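As a plain string of letters, each chain reads:
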Amino acid sequence: MTRLTCARLRRHLSGFCDRELTVQEMCAVETHLERCKGCAREVERLQRLGQVIRRAATGLPLPLDEIARAGQATVARAEAEREQSVRVRMSRAFEDMHLVWAALAATAATGLCAALLVGVGYLAPQVRADSLAGILAALAAPGSNLYPVSIDERMVPPRVVREPAVSALVEESSSTDDDVVFALAAVVTREGLVVRPSVLRASAGDHETVSRLVRAVSEARFSPASFAGAPVAVNMVWVVTHTTVRGKTIS
Amino acid sequence: MSAKPAAALAWTGVETGEAALIARCSAGDEVACSDLVEQHQRMVYQLALHLLGDHNEALDVSQEVFLRVFRTLGTFKGQSSLRTWIYRIVVNQAWNRQRWWRRRRQGDQVSLDEHVRARGERAFRDAGPAPDRLLDQKETADRVWRALEQLPFEQRTAIVLREIDGLSYEEIAFSLGVAGGTVKSRLARAREALRAQLVDL
């Protein structure tokens, strides 16, 4: 930057006035200004502009009282914010460890009670049907799958949709000509399923045959019984018989 | 004509006393907070007033600035002097306020003229009993503020920080979060625009 043209120099005049050029650049600009009146006037104008701005700024009123009041209010607000901060409140809460231990013990006791309640609920056996709770539950929800009712004349009885395949089994179990009778009890649910089957009487057949008979009955499907238009679960009894009728030949 | 990005600067401008004050403020010492406010409140108010041109806004911004200072003092790592760091917060708050202001409350602005009328001129009032000179100075000041108000915010900030607050390019770059070269070009453009408006001064 030994020989500056006016156009190039003017790009640096702002930095020159602010004394923000390198030493080499400052020297080059000063050398140019010594011989160029136009650029020197430009520098004077920039410097004069700075003076005018600074003078305008010093003319503005400075309400020190208001500024001080605002400052005090800010400090007070910052202090209030700090007081209310979570960190400060937490540290204050842990200042007295007696309260902390009591709170921890209470929390632990509450947790233990909750665990006990859940455990009792989980481990307790089902309600017996003949207990007071069982009776109340049955009265509260008669005809539910859990508390089926007996069929009476006011109900529409269940109708078979899918017959159980029991005839062949009964014939199989009848090895002699004696009569065979099986009585089975079960519940026909509100969905028409056969659940909780049990054998009331079996006059013939081995254990396996009886089991197959029970399974066959379980696979039957019904349209459920209904009371006042609403489906109800009912207790039912099946009696399956195989009777041999002997005739006499009349000669 | 070197231009360094502001972020690359490593300043160690925090003095021992200032560091102690910062530590006490961070620990929540109310007296230290009061001291910090007392030391910088005048500078903060004046910069906000010069940038926004409104007394009430400047007071509000001053309060916001110090609240922000107290909330974020823990993040101050001494990469600049505390004063320059506060300058940066003032500029950011003033910029936010100006944007909000333009959208919603421009009609409520109390101009510097009204502020001066309400409180009188400080230097001019003390300048002596020459009424002609007082009037000239007032008119000149009015023209200067009008010209500054018409500058884009970035240019106005650069020229105010340089001419009124006397910050170096490096400090201005940190306060504005820009590179030194950007400061230089903003100052040049601001001066050019001001000279065009104040050509006869």
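Residues numbered from 1 in each chain as written. Chains lettered and ligands numbered in written order. Predicted model: local features only at pLDDT ≥ 70, side-chain atom pairs only at ≥ 80, totals over all residues.

Right, let's talk about the overall build of chain B for a bit. If you tally the helices and strands in chain B, you get 10 helices and 0 strands. Sequence-ordered secondary structure for chain B, helices as α and strands as β, is α-α-α-α-α-α-α-α-α-α. When contacts within chain B are restricted to residue pairs at least 6 apart in sequence, long-range pairs at least 24 apart make up 68% of them. (Helix = DSSP H or I, 4+ residues; strand = E, 2+ residues; numbered from the N terminus. Contact = placed C-beta atoms within 7 Å.)

What follows concerns the overall build of chain A. Summing up its helical and strand segments, chain A has 9 helices and 8 strands in all. The buried share of chain A, taken over its 251 residues, is 21%. In chain A, of all internal contacts separated by at least 6 residues, the share reaching a separation of at least 24 is 68%. (Buried ≥ 20, exposed ≤ 12 C-beta atoms within 10 Å, placed from the backbone.)

Right, let's get into the interface of chain B and chain A. On the chain A side, the residues contacting the 44 residues of chain B number 32 residues. Where the side of chain B that touches chain A is concerned, the elements lending two or more residues are α2 (30-52), α3 (55-72), α5 (112-119), α6 (122-125), α7 (131-150), α8 (153-164) and α10 (180-197) of chain B. A total of 10 residues in the side of chain B that touches chain A trace back to one element, the largest contributor, which is α2(B). Looking at the side of chain B that touches chain A residue by residue, the class counts come to 23 nonpolar, 10 polar and 11 charged. (Nonpolar A, V, L, I, M, F, W, Y, C, P; charged D, E, K, R; others polar.)

So, on to the nonpolar core. Within the largest apolar cluster, 66 residues are counted, with the highest numbers of intra-cluster contacts made by B:A48, B:I86, B:V90, B:V144, B:A158 and B:I172. Here this core gets 10 residues from one element, more than from any other, and that element is α2(B). In this view, B:A158 contacts B:I172, B:L176, B:V183, B:R186, B:L187 and B:A190; residues no more than four positions away in its chain are not counted. In this structure, A:L169, A:L213, A:A216 and A:A225 belong to the second largest nonpolar core, which totals 15 residues. (Core = buried A, V, L, I, M, F, W, Y, C linked by C-beta atoms within 7 Å.)

Residues and elements named next belong to chain B. When pLDDT is averaged across chain B, the result is 82; 78% of the residues are at 70 or more. Taking the mean pLDDT of every element in chain B, the minimum, 53, falls on α6 and the maximum, 95, on α8. Scored below 50 in pLDDT, residues 1-11 makes 17 contacts in the model with residues more than four places away or belonging to other chains. The complex prediction reports pTM at 0.58, with the ipTM value standing at 0.78. (pLDDT = per-residue confidence, 0-100.)

This part covers the environment of A:L169. Residues and elements named next belong to chain A. Checked against the element boundaries, L169 lands in helix α8 (residues 167-173). Considering only alpha carbons, one finds L169 and T209, 40 residues apart in sequence, at a separation of 7.1 Å. Apart from the residues lying within four places of it in its own chain, the contact partners of L169 are T209, R212, L213 and A216.

Moving on, we get to the sheet that holds strand β1 (residues 149-150) of chain A. Residue and element names in this part refer to chain A. Spatially, β1-β8-β3-β4 is the arrangement adopted by the 4 strands of the open sheet, whose pairing is mixed. At either margin of the open sheet sits one strand with a lone partner, and together these are β1 and β4 (194-202). Relative to strand β8 (residues 234-242), strand β3 (residues 180-188) runs antiparallel, the two being bridged by 9 bridges. By the bridge assignment for β8, A186 is matched with M236. (Pairing = 2+ DSSP bridges.)

The next thing to look at is the pairing of β3(A). Side chains A:V180, A:F182, A:L184, A:A186 and A:V188 of β3(A) all project onto a buried face; the interleaved residues A:V181, A:A183, A:A185 and A:V187 project onto a face where none is buried. Taken together, β3(A) and the strand that follows it, β4(A), pair antiparallel across an intervening segment of 5 residues, in which A:G192 is found at a positive phi of about 90°.

Let's shift gears to helix α2 (residues 23-35) of chain A. Relative to the 18 Å expected for 13 residues at 1.5 Å per residue, α2(A) spans 19 Å between its end C-alpha atoms, a close match to the ideal helical length. Looking at the packing, one finds that the buried side of α2(A) touches α1 (6-17) and α3 (37-58) of chain A. (Expected span 1.5 Å × (residues − 1).)

A few words on the packing of α3(A) against α7(B). Angle between the axes and distance between the axes: these two values describe a pair of packed helices. Direction vectors running N to C along α3(A) and α7(B) enclose 105°, while the axes themselves pass 9 Å from each other. Classified by the angle between their axes, α3(A) and α7(B) sit roughly perpendicular to one another. For the pair α3(A) and α7(B), contact is made by A:V52, A:I53 and A:A56 and by B:T140, B:A141, B:V144 and B:W145, respectively. A per-class count over the contact of α3(A) with α7(B) returns 6 nonpolar, 1 polar and no charged. (Axes fitted to C-alpha atoms, helices over the stretch in contact; angles between N-to-C directions. Parallel < 35°, antiparallel > 145°, perpendicular 65-115°, else oblique.)

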